[in-house]
Amino acid sequence: MIAIADYGAGNMASVGKALAFLGENPVITGDPDEIKKADKVIVPGVGAFEDAMKKLNNLGLVKTLREYAASGRPIFGICLGLQLFFESSEESQENVEGLGLLPGKLVKFPEKKGFKIPHMGWNSLHIKEGSKLFAGIPDESYVYFVHSYYLQAKNEEDVAATSEYIVPFHAAVESGNIFATQFHPEKSGEVGLSILKNFLNL
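Okay, so let's go over this structure. (Residues numbered from 1 in each chain as written. Predicted model: local features only at pLDDT ≥ 70, side-chain atom pairs only at ≥ 80, totals over all residues. Heavy atoms only, no water.)

### Describing the overall build of the chain
Part 1 of the argument: Secondary structure assignment for the chain yields 6 helices and 13 strands.
Part 2 of the argument: Scaling as 2.2 N^0.38, a compact globule of 202 residues should have a C-alpha radius of gyration of about 17 Å, and the chain matches this with 15 Å.
Part 3 of the argument: Projected onto its principal axes, the C-alpha coordinates of the chain cover approximately 50 × 40 × 30 Å.
Part 4 of the argument: The buried share of the chain, reckoned over its 202 residues, is 53%. (Helix = DSSP H or I, 4+ residues; strand = E, 2+ residues; numbered from the N terminus. Rg over C-alpha atoms; globule rule 2.2 N^0.38 Å. Buried < 20%, exposed > 50% of the residue type's maximum accessible area, 1.4 Å probe, protein only.)

### A look at the packing of aromatic side chains
Part 1 of the argument: Tallied over the entire structure, the rule returns 11 aromatic pairs.
Part 2 of the argument: Centroid distance Phe115 to Tyr165: 5.4 Å. Interplanar angle 80 degrees. Geometry classified as edge-to-face. Taken as a pair, Phe115 in the loop between β6 (104–108) and β7 (119–124) and Tyr165 in strand β11 (residues 159–165) lie far apart in primary sequence, 50 residues in all.
Part 3 of the argument: Accessibility expressed as a relative area gives 15% for Tyr165, which makes it buried. (Phe/Tyr/Trp six-rings, centres within 6.5 Å; stacked < 30°, edge-to-face > 60°.)

### Looking at the environment of Glu67
Part 1 of the argument: Note that Glu67 resides in helix α4 (residues 61–70).
Part 2 of the argument: A residue is classified by how much of its surface remains accessible, and Glu67, at 42% relative accessible area, is partly exposed.
Part 3 of the argument: Sequence separation of Glu67 and Lys36 is 31 residues, and the distance between their C-alpha atoms is 8.5 Å.

### Description of helix α1 (residues 12–21)
Each α-helix turn comprises 3.6 residues. Residues three or four places apart therefore point the same way.
Part 1 of the argument: Burial in α1 covers these residues: Met12, Val15, Gly16, Ala18 and Leu19. One side of α1 holds all its buried residues, which, seen down the axis, span an arc of 160 degrees. Residues Ala13, Lys17 and Phe21 are exposed on α1 and point more than 90 degrees away from its buried face.
Part 2 of the argument: Elements in contact with the buried residues of α1: β1 (2–5), β2 (27–29), β3 (40–43), β4 (75–78) and α6 (189–200).
Part 3 of the argument: Remark: Gly23 follows α1 within two positions and exhibits a positive phi of approximately 95 degrees. (Arc of directions from axis to C-beta. Contact = heavy atoms within 4.5 Å.)

### Some points on the nonpolar core
Part 1 of the argument: Core analysis: the biggest nonpolar cluster contains 70 residues, and Tyr7 and Phe134 have the highest contact counts within it.
Part 2 of the argument: Excluding residues within four positions of it along the chain, Phe134 makes contact with Leu125, Ile127, Ala160, Ala161, Ala172, Phe183, Ile195 and Asn198. (Core = buried A, V, L, I, M, F, W, Y, C linked by side-chain atoms within 4.5 Å.)

### Digging into the packing of helix α3 (residues 49–58) against α4
Part 1 of the argument: Two numbers describe how α3 lies on α4: the axes approach to 6 Å, and their chain directions differ by 90 degrees. In this view, α3 runs roughly perpendicular relative to α4, as classed from their interaxial angle. Facing Met53, Leu56 and Asn57 of α3, the residues of α4 in contact are Leu61, Val62 and Leu65.
Part 2 of the argument: Per-class residue counts for the contact of α3 with α4 are 5 nonpolar, 1 polar and no charged. (Axes fitted to C-alpha atoms, helices over the stretch in contact; angles between N-to-C directions. Parallel < 35°, antiparallel > 145°, perpendicular 65-115°, else oblique. Nonpolar A, V, L, I, M, F, W, Y, C, P; charged D, E, K, R; others polar.)

### Some thoughts on the packing of α1 against α6
Part 1 of the argument: Remark: α1 packs on α6, axes separated minimally by 10 Å, with the N-to-C direction vectors making an angle of 75 degrees. Classified by the angle their axes make, α1 and α6 are roughly perpendicular. Facing α1, whose interface residues are Ala18, Leu19 and Phe21, α6 presents Leu193, Leu196 and Leu200.
Part 2 of the argument: Here the residues of the contact of α1 with α6 are counted per class, giving 6 nonpolar, no polar and no charged.

### Points about the environment of Asn25
Part 1 of the argument: Relative to the helices and strands, Asn25 is located in the loop between α1 and β2.
Part 2 of the argument: The spatial distance from the C-alpha of Asn25 to the C-alpha of Ala52 is 25 Å, given a sequence separation of 27 residues.

### Comments concerning α4
Part 1 of the argument: For α4, the set of buried residues is Leu61, Val62, Thr64, Leu65, Tyr68 and Ala69. All buried residues of α4 lie within an arc of 165 degrees about the axis, which places them on one face of the element. Pointing more than 90 degrees away from the buried face of α4 are the exposed residues Lys63 and Ala70.
Part 2 of the argument: On the buried face of α4, the contacting elements are α2 (32–37), β3, α3, β4 and β13 (178–181).
Part 3 of the argument: Once α4 finishes, Gly72 follows within two positions and takes phi at roughly 90 degrees, a positive value.

Structural measurements only, silent on function.
Right under this line is the structure:
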């Protein structure tokens, strides 16, 4: 069973539709017990880091997701989900801690003339050789981003793909059973569906 963690941060339905297109019948749920039973978990989301962590806490999902990741079963964060997998974000005014599944932080894009923030649109990826998530996907493939904060992963070996907008940034991570993308695979056409399929086939 594939569980999509629903903590009121939006984007659950579009991920669910993409998985249904691939032949899956995912369960969209905020129930910790349902998530604990899943074979794989996807944590999507759009919105603010601090609000999202508060919602996860209120639902009892912080402990659940940390324990799930520690169990060795595959877990996949998308957009805000990727950000929540890390330790902290400059977006949080109260220094709210993330899930801390991987070491690193989120930093706001610097202002630059001619560039709009948030970064919104299609950008190419530089993919690390040997990535399970990007198996069979050509380097420099284009995917769809919407974000104002970018990842600085602490461990370079966790980075599965990079991209560039104003500055170079970490666009995807892969460490053991933990996977995450800053971009939206469910909105990235055939490339995105291939990424989701790679995750489902783990």
